[in-house]
Each structure stands twice: as C-alpha cells, then as structure tokens.
Amino acid sequence: MSNIFDPQTKIMFHLDKVKSYFDNKNPDPITLEIDPSNACNHSCPFCISGHLHLKKYKNTELFNRTMLDKKIFTNLIEDLVKMNIEAVSWTGGGEPTMNPFLGEAINFIGNNSKIKQGMFSNGSMLERFNLFETITKNLEWIRISIDAGKKDTYDDFRKTNKTNNFDTVIKNIKELVKIKKKTKSNITIGVGFVVTEENYNEIKDFSKIFVNVDVDYCQFKPEIIQIERTGERDKDKEQISCDFWLKKVMTLLDNAKSILGNKFECNSYKIEDLIVDVKNYGRNYKMCIGSQFQPCIGADGNVYVCTNHRGHKQYSYGNLNDKSFRDIWSDINKRREIMNRIDNVEKFSKCTHLCKPHESNKILWEIKNNLDKKNYLNTLKDKTQYLKKKIKHPEFI
C-alpha cells in the first residue's frame, strides 16, 4: 500500500477523535476540505464538480461559479486556527488558485497555527498571484492534475488558451521544483492522471514526461462516474466495466511503473473495488461515518457533508454567511438529521460509489462493530506506532 494514499491506515492515527465520536461527543474534523472558488479556467469533462462550472450545466440549478467572499474567507480562517483541526485541503469546486485571497489565507494559517495544508490544483495560475513561495513555504503537498501525456490532448481535453495551457503548467511545475530546492522546502510535489476511456492510451507518454521532471510522485487513479450531478443513478452513469481496467489499463500501469520507478503511485484500492465488487464497489458499510471527519466548505459558503455533495443544499449543515464554522459544526442535531437521511432513508442511493469518504468508511465501520471487544482500540494504537514511519501526511485522510 502507498505511504501517501492510504486513508484506512491514516484513520488509525486519529483514534482519540474516532473514540470521541463513537462516545457521542463532537470532535472537530481531521481534514477540512475548502473550496476557495467554484470558477475554473479549465473544462475537464470528468471533473467531480463539473456540475458547478462546466458550460453545459449553465442555467441549471446547480451551476454556480462563485468565489469564497473575502470577509467570509477571513472569518473562516480566524475560526479554524482556534479549533482542533489537523489539516486543510485547498480544493474545488473550481480551481482554488483563482481566488485572489487564497495566498493570504494560506499564509495566515501557516503563521498562526499548526494546521497542515495541502492543495489540489491544475497548476496554471501559480504565477498570476505569485503563489510559488507561499506554496513551498506553507504547504505539506500540492498535487497538480495533468490527465494527459501529450500537449495537444491536454489542451483539447481541458479547453485551454495560451495563458493556461500545457506549456504553462509544465513551466510552473518546474518553477515549483526549483523554488523547493532553493528554499530547502519539504513540500511534496505530485502530478495526477485520472484514467478514463479517452486518455488511457497516454499513460506511457505521461510517464515519459515526468520521469525527467523532478516531482516526487506521479499518481494514477480511475475515473469515478459521478451521480450527484443529476441526483439519480441510471444506466448511462454506471462505472466503466471491469474489463476495461483488466484488459486495457493494468498492463499500461505496469509499464508506467517500470518507467517511473519510485515515483509511481496508484490508488489501487479504487481499481480493486471496480474490478472485484461490481455490484457494491466495496460499499459494505451501513453508515457514512468518514464524512464526519472530512467535511467540505463550498465556495458558496455552505458546509457540505463531503466533496461529492457540494452544490446540493439538502446536504449542507449550514452557511458561513449565517453562522461561523464552529457554530455550524457544533449543531450536532442538524448533522445527524442529514446523515440519517443519507444512511437510513436514501441508503446511499444518491451517493457516488467510491466517493471521497469511501475508504475511511470501511475502517470506521469495522471499528464501530468491534468497539466492545476488549483491548481492540489499544491494539490498533499499538499498530500505528509500527506504521508511523511508513505513512506520509497522516493528517490528510
């Protein structure tokens, strides 16, 4: 298992919070996902939040290209540094670096707390707001989405222009690497490749590019078909067949690994669920417990159950325009009401398979069902001591 991408093991580093939750207390989140922007300067067709900003969804109920307001943003980060939150992931929504106040927020958290920070980005706008040193100084990691192995494919896939195209992103990645070395930063710089039926044949090309760029890792993960865009599951939105992964992708991933060596990373647990359990995709738990440790703050100010449900107001615990994050998170009755709908009424029927809390849910469901066993938690805690040196960024689940 990867030392970076292992949500189940990472949960075990936070057993005090897990125990507190199962004791009906209300621990602060472990990882808080924050969307500074719903707007994006790229148009990736498989985007988890495409319903918020892709042109084809314009004039629909969910379309929303807003930015997190500066006043709300300021109040939020001032609130967070007073809470017991381990990590913040700057994500989207849209492209986080499009928000002009992001750099200020990153520096504030970095200077006023022990909260770890990471970022998902397309990497095209780092120069516009001069974010290079802010990122390398304050972030534990940044992962830049590429999802192609050729310039023309990248630019066509993402609908880019001269200011945000493939060449711009590669230039920015190399600049990040340069500043990391210059400042002796410990930041982990990664690049990502979401494997789809449209781009899988460029896995090898992608690998050949980044074997010669001094990034720390190259991550491969399968496209997950989102159902939250319509709220309904239908035949057109079923996951890609296991034959595709077995017969077309696995050999290419083996090739990528031989090219990249230690840089190669793969979310293999997602591929395993896609291949082994084509009915439930590994969802054998009955409660979404993981979401209670990794909620999402949308750019519209809503505090959502998780990143998959952003934009859907029925899955919001409250809005930062009305209450502080601390007050919203403290309203345990509101949260239980929404989770009861997901767990017991909808029974995940409106949730994407292999969602963000999916892996966390597996281990948390197991913990829940074994809590009454003598010394169970102590055994898990002892195990984390052994794993401590093997896992990177345990604050980010």
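Just so it is clear, the model here is predicted, and its values are computed rather than measured.

Draft legend 1. Just the packing of helix α4 (residues 70-80) against helix α5 (residues 102-112), in detail. For the pair α4 and α5, interaxial distance at closest approach is 10 Å and the crossing angle is 15°. In this view, α4 runs roughly parallel relative to α5, as classed from their interaxial angle. The element α4 and its partner α5 pack so that their crossing is right-handed. Listed contacts from α5 to K70, F73, I77 and E78 of α4 are L102, E104, A105, F108 and I109. Per-class residue counts for the contact of α4 with α5 are six nonpolar, no polar and three charged.

Draft legend 2. Geometry of helix α13 (residues 332-345). If you check α13, its first and last C-alpha atoms are 18 Å apart, about what 14 residues at 1.5 Å a residue would give, namely 20 Å. By the burial criterion, the buried members of α13 are R335, I338, M339, I342 and D343. Where the residues of α13 are buried, they touch β10 (316-319) and α12 (325-330). K347, located one to two residues past α13, shows a positive phi value of around 50°.

Draft legend 3. Examining the nonpolar core more closely. The biggest cluster of nonpolar side chains holds 99 residues, and the ones touching the most others in it are L80, W90, I146, F210, F220, F325 and I367. Apart from residues no more than four positions distant in its own chain, I367 is found in contact with I11, L15, V18, F22, Y376, L377 and L380. In this structure, C44, F46, C47 and V194 belong to the second largest nonpolar core, which totals five residues.

Draft legend 4. Layout of α4. Residues of α4 that are buried: I72, F73, L76, I77, D79 and L80. With its buried residues spanning 155° around the axis, α4 presents them on a single face. Elements that come into contact with the buried residues of α4 comprise β1 (31-34), β2 (87-90), α5, β8 (296-297) and α12.

Draft legend 5. Structural detail: the pairing of β1. Of the two faces of β1, the one carrying T31 and E33 and the one carrying L32 and I34 are both buried. Alignment of β1 against β2, held across four bridges, turns out to be parallel. Bridged to I34 within β2 is W90.

Draft legend 6. Representation of the pattern of salt bridges in the model. Summed over all chains, the structure comprises 15 salt bridges. Through salt bridges with shared partners, one network takes in K151, D155 and D167.

Draft legend 7. Spatial organisation of the side chain of Q294. Here Q294 lies in the loop between α11 (268-276) and β8. Every residue in contact with Q294, bar those within four places of it in the chain, is listed here: T31, E33, V305, C306, K356, P357, S360 and I397.

Draft legend 8. Just the environment of N212, in detail. With respect to the helices and strands, N212 occurs in the loop between α9 (203-210) and β6 (217-222). Spatially, the C-alpha atom of N212 lies 15 Å from that of K150, the residues being 62 residues apart in sequence.

Draft legend 9. Summary view of the packing of helix α2 (residues 15-22) against helix α15 (residues 376-387). It is the contact of α2 with α15, at a shortest axis distance of 11 Å, that shows an interaxial angle of 160°. Taken together, α2 and α15 sit at an angle that is classed as roughly antiparallel. Between α2 and α15 the crossing geometry is right-handed. Across the interface between the two elements, L15, D16 and K19 of α2 pack against L377, L380 and K381 of α15. In terms of residue class, the contact of α2 with α15 is built from three nonpolar, no polar and three charged.

Draft legend 10. Local environment of unusual backbone geometry. Despite not being glycine, K347 has its phi angle at roughly 50°, a positive value. On the secondary structure map, K347 appears in the loop between α13 and α14 (358-368). Of the residues examined, K347 reaches a relative accessible area of 59% and is grouped as exposed. In this structure, H393 takes a positive phi of about 55° despite not being glycine.

Draft legend 11. A look at the pairing of strand β3 (residues 116-121). In terms of strand pairing, β2 meets β3 through four bridges, oriented parallel. By the bridge assignment for β3, A87 is matched with K116. Chirality of the crossover, the property in question, places the unit of β2, α5 and β3 among those that are right-handed. In this view, the connection linking β3 to its parallel neighbour strand β4 (residues 141-145) by way of helix α6 (residues 132-138) has right-handed handedness.

Criteria and cut-off values
- Residues numbered from 1 in each chain as written.
- Predicted model: local features only at pLDDT ≥ 70, side-chain atom pairs only at ≥ 80, totals over all residues.
- Heavy atoms only, no water.
- Axes fitted to C-alpha atoms, helices over the stretch in contact; angles between N-to-C directions.
- Helix = DSSP H or I, 4+ residues; strand = E, 2+ residues; numbered from the N terminus.
- Parallel < 35°, antiparallel > 145°, perpendicular 65-115°, else oblique.
- Left-handed = near helix turned anticlockwise from the far one by under 90°.
- Contact = heavy atoms within 4.5 Å.
- Nonpolar A, V, L, I, M, F, W, Y, C, P; charged D, E, K, R; others polar.
- Expected span 1.5 Å × (residues − 1).
- Buried < 20%, exposed > 50% of the residue type's maximum accessible area, 1.4 Å probe, protein only.
- Core = buried A, V, L, I, M, F, W, Y, C linked by side-chain atoms within 4.5 Å.
- Arc of directions from axis to C-beta.
- Pairing = 2+ DSSP bridges.
- Salt bridge = Lys/Arg side-chain N within 4 Å of Asp/Glu carboxyl O.
- Right-handed = clockwise from strand over helix to strand, strands pointing away.

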